[in-house]
Amino acid sequence: MCGIAGFVGSGEPADLARMSAALARRGPDGAGSWIDPATRVHLAQRRLAVIDLATGDQPMWNEDGQVGVVFNGEIYNHAELRRELCARGHRFRSHHSDTEVLVHGYEEWGSELPLRLNGMFALVIIDRARGKLFAARDRFGKKPFYYTATRELFAFASELTALLEHPGVPRAIDPLALDKYFAYGFIPAPISLYRGIHKLPGGCWLELDLASGATRTQAYWKFAIEPFDSIPANAERDWCEQLRSLLSQAVKRRLISDVPLGIFLSGGIDSTAILAFAAQHRPARQNRTFSIGFSEPSFDESAFARQAAQAFDSDHHEQILDLDAAVQLIPGVLAMLDEPMADSSIIPTYLLSRFARESVTVALGGDGGDELFAGYDPFKALAPAGWYERLVPRPLHAGMRALVARLPVSERNQSFDFRIKRALRGLSYPAAARNPAWLGPLEPGEISALFGHPVRTEEVFEEAILAWEGANARHPVDRTLEFYTRFYLQDDILTKVDRASMMVSLEVRAPFLDNDLADFARRIPHQYKFRNGQTKYLLKKALEPVLPHSIIYRKKKGFGVPLTRWLKHLPEPPTLLQNPRPDPAWLARQWQEHKSGKADHRLFLWAWMVLQAHLGAR
C-alpha cells in the first residue's frame, strides 16, 4: 500500500519531491524515486510496508532495467501469478513481493495485465524499450489515480493535492464538475473538480507515448448486470453454497499480510460475514476486531458489534465516543480529504481507522456488499415509486412535496421525515435520473439558484442517465444496482474509505470486491437479491448457516453522524469560492432555515463546508 506520483515533460526534481512529500501519510515507511533526464520521466513512491518488508521497495525493475513500476495497492493472487510466470521462464529476485509480479506480468501480457490481477491497485509502468508509460486502475476504482495531459506535461498522483504540487498542473475549477458535485454529492470519474485534471475510471488503463506525448485510454472491464441465461432447479440452494465458498475464498486471500491485520466490525451482515469466514481460516483469537460506538442511541451499533465478536470469539476492541465531542475533528479531517466528496460518514470512518491503526496496519471491511446484493433503502422504494408514478398525476407532485415539507424536522438517524422527503424528491424526476436525485445535496434548479446559471437535468446527471438507458438488464432493480456499483461505490464509498484510512496510514481491504465474487454476483437475477421487500435476499439466505439470525435480519442502521444538529452549531465557513460566485442571499437563507429548524439542508450545507475546506487547504 503506497502513494505514487510522477510526471513526464516539463518540471524539476524539486517538483517531484513536493509531490512525493504530499503523499507521506500514504507511505510512512519509505520513499523511492527515479529520474531519467533523457526522456524527462520522473517517478516517486511512498511506501506503507505490508508485503515482503525487506525487498519490496519501489520503483522496482526487471533484470535489464527496461521495465519498471511504481504501484499503490495489493495483488491478492500474486502467488498464483508468480508460479505461472516462473513456469514461463521469468526469474524473480524478491521472495514474495506482489510488486515484482507486475513487472514480469507486464513483460508477459502487456496491456492485458490488469485483467489478470485480483486486487486493488493504481500502477504506472515505464517501458523503456518501447518508449511507453502504461497506467491502470483496479476494476472498481478502489485505489485513486489522478492525471493531467497537455502538450508539455503528463503528470499523475494518488491524490489531487499531490498533483497540484506541480506548477504546470491546471488549477481552474470546472463549473460543470462543481454542478455535478452538488447534484451527486461526489464528482463522478473521469472528471475532477479542476478543468484538465482527470480521474482514470476504475477498470481502465492509459498508455502514453513518451516521444510524442500522445495518450489513449481504454476500458478493460466494466461492471454490468448480466443474469444467468437459465435458472437451475435448485438455484437458491446451489447459489447459496457457491456464494459461501466464494466469500470464504475472498476473505482468505485478504488475510495474507506481513504486518498486524484486523477487521472492521459493525455487527451488520457484511462485516460479521467477513469475521465468520476469517475464523474458518485461522484461530479465532488471532482475529482482532474493531468497532466504535456512540453515546447517542440512534447512532450507536456497538452492542451488535459485541454480539458478533462474542459469536466468533474475536479479540475485540471497542471505543465509545461522544459524537458532539467528535465535531472538533471536522476541520482537520476535511482539510485532509483531498478532492471534495460530501459523505459525512467520513468522520466516523476516520475515527474507526484511527482507532484500528493503534493496533494494526491492515483492516478488512465490508464495502461492496450493499452495492452487489441490493442492500440500500432505495431498492425498497422502486415498487412504490412505480405505483406513485401511475396513480399520482405529475401536476400533483409539487403539491405532495410541499405538504410533506411541513413535517417537523427530526435529528434522529434515518428519521421518517428525512426519508419521505428524499423519496418524493426523487419521484419528481424521470426514472433514469431518480437514483442520483435521491442522494444528491441539491436539485438542478437549486444549483441554478446558487450559482445563477442554467443547469440542465440531462447534463448534470448525464452519467447516471446514460448508464440507466444503456444497461443490458432492463429491470429497475438491475439498473439501480449498476448505478450504485459503477458510480456511488467508486466515487463515494471507496473514496471515503481510502481517504479516511490513508489519513492514518491504514490499509483497508474489501473482500466483497474480489473478482470471482463480484463476477458471480452480477450474474444473479434481481429477484434473488431483492425479494418481497427483503434486501440482500440471497446473501442473507447463504449466511443463515454461518451467522446468528439476529444479526442477519436486524434493521440496518448505517454509519451516520448527527449532522442536522451539528450544522445548527457549527460556524458558517467563509466563502472561498469566487468563480463561479455563489449567490450570498440564497446561501444565507439555507443556513438560516436550517439553524432555525424550519428545514433540513444538512446534505447541501455539509457539501458546502467540505468544498470550502478543500479550497482553504489548497
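Reading the values: rules and limits
- Residues numbered from 1 in each chain as written.
- Predicted model: local features only at pLDDT ≥ 70, side-chain atom pairs only at ≥ 80, totals over all residues.
- Heavy atoms only, no water.
- Helix = DSSP H or I, 4+ residues; strand = E, 2+ residues; numbered from the N terminus.
- Buried < 20%, exposed > 50% of the residue type's maximum accessible area, 1.4 Å probe, protein only.
- Axes fitted to C-alpha atoms, helices over the stretch in contact; angles between N-to-C directions.
- Parallel < 35°, antiparallel > 145°, perpendicular 65-115°, else oblique.
- Left-handed = near helix turned anticlockwise from the far one by under 90°.
- Contact = heavy atoms within 4.5 Å.
- Nonpolar A, V, L, I, M, F, W, Y, C, P; charged D, E, K, R; others polar.
- Phe/Tyr/Trp six-rings, centres within 6.5 Å; stacked < 30°, edge-to-face > 60°.
- Lys NZ or Arg CZ within 6 Å of the ring centre and 35° of its normal.
- Pairing = 2+ DSSP bridges.

## With respect to unusual backbone geometry
Next up, step 1: Here the residue pair Ala189 and Pro190 is connected by a cis peptide bond, since its omega of 15 degrees sits within 30 degrees of zero.
Next up, step 2: Structurally, Pro190 can be placed in the loop between α6 (175–184) and β10 (197–199).
Next up, step 3: Following Asn579, the chain continues into Pro580 via a peptide bond in cis, with omega recorded as 5 degrees.
Next up, step 4: Within the secondary structure, Pro580 sits in the loop between α25 (563–569) and α26 (584–595).
Next up, step 5: With a phi angle near 60 degrees, Ser505 is a residue other than glycine that sits in the positive phi range.
Next up, step 6: Positionally, Ser505 belongs in the loop between α21 (476–502) and β17 (507–509).
Next up, step 7: Classification of Ser505 as buried rests on a relative accessible area of 9%.
Next up, step 8: One non-glycine residue, Asn532, lies in the positive phi region at around 50 degrees.

## Quick look at the packing of helix α2 (residues 78–87) against helix α3 (residues 98–109)
Next up, step 1: Here α2 crosses α3 at 45 degrees, and the two axes come no closer than 10 Å. As the angle between them shows, α2 and α3 are arranged oblique. The hand of the α2/α3 crossing is left-handed. For the pair α2 and α3, the contacting residues are His78, Leu81, Arg82, Glu84 and Leu85 in the first and Asp98, Glu100, Val101, His104, Gly105, Glu108 and Trp109 in the second.
Next up, step 2: Here the contact of α2 with α3 is composed, by residue class, of 4 nonpolar, 3 polar and 5 charged.

## Comments concerning the packing of aromatic side chains
Next up, step 1: In total, this model carries 31 aromatic pairs according to the counting rule given.
Next up, step 2: When the ring of Phe145 is compared with that of Phe156, the centres are 5.6 Å apart and the planes differ by 10 degrees; the resulting orientation is stacked. Residue Phe145 is located in the loop between β7 (132–137) and β8 (146–149), and its partner Phe156 is located in strand β9 (residues 153–157); the two are separated by 11 residues in the primary sequence. In this pair, the class of Phe145 matches that of Phe156, namely buried.
Next up, step 3: Ring centres of Phe379 and Tyr484 lie 5.9 Å apart, and the angle between their planes is 35 degrees; on these two criteria the pair is classed as tilted. With Phe379 in helix α14 (residues 378–391) and Tyr484 in helix α21, the pair connects residues that are 105 residues apart, well separated along the chain. A single burial state applies to Phe379 and to Tyr484, both of which are buried.
Next up, step 4: An aromatic cluster of at least three residues, connected via ring pairs, comprises Tyr184, Phe186, Tyr376, Phe379, Tyr429, Phe461, Phe483, Tyr484, Phe487 and Tyr488.
Next up, step 5: The ring of Tyr528 has Arg531 lying over it, and the distance from NZ or CZ to the ring centre is 4.8 Å.
Next up, step 6: The positively charged end of Arg554 is found above the aromatic ring belonging to Phe304, 4.0 Å away from the centroid.

## Re the sheet that holds strand β15 (residues 315–321)
Next up, step 1: The sheet built from 5 strands is open, its strands ordered β15-β14-β13-β16-β17 with parallel pairing. Because the sheet does not close on itself, it has two edges, and the strands there are β15 and β17. The mean angle between the axes of side-by-side strands here comes to 30 degrees, regardless of whether they run parallel or antiparallel.
Next up, step 2: Pairing analysis gives 3 bridges linking strand β16 (residues 362–364) to β17, with the strands arranged parallel. Its bridge partner lying in β17, Leu364 is registered against Arg509.
Next up, step 3: Packed on one face of the sheet, helix α9 (residues 302–311) meets β14 (288–294) and β15 and runs near 175 degrees to β15.

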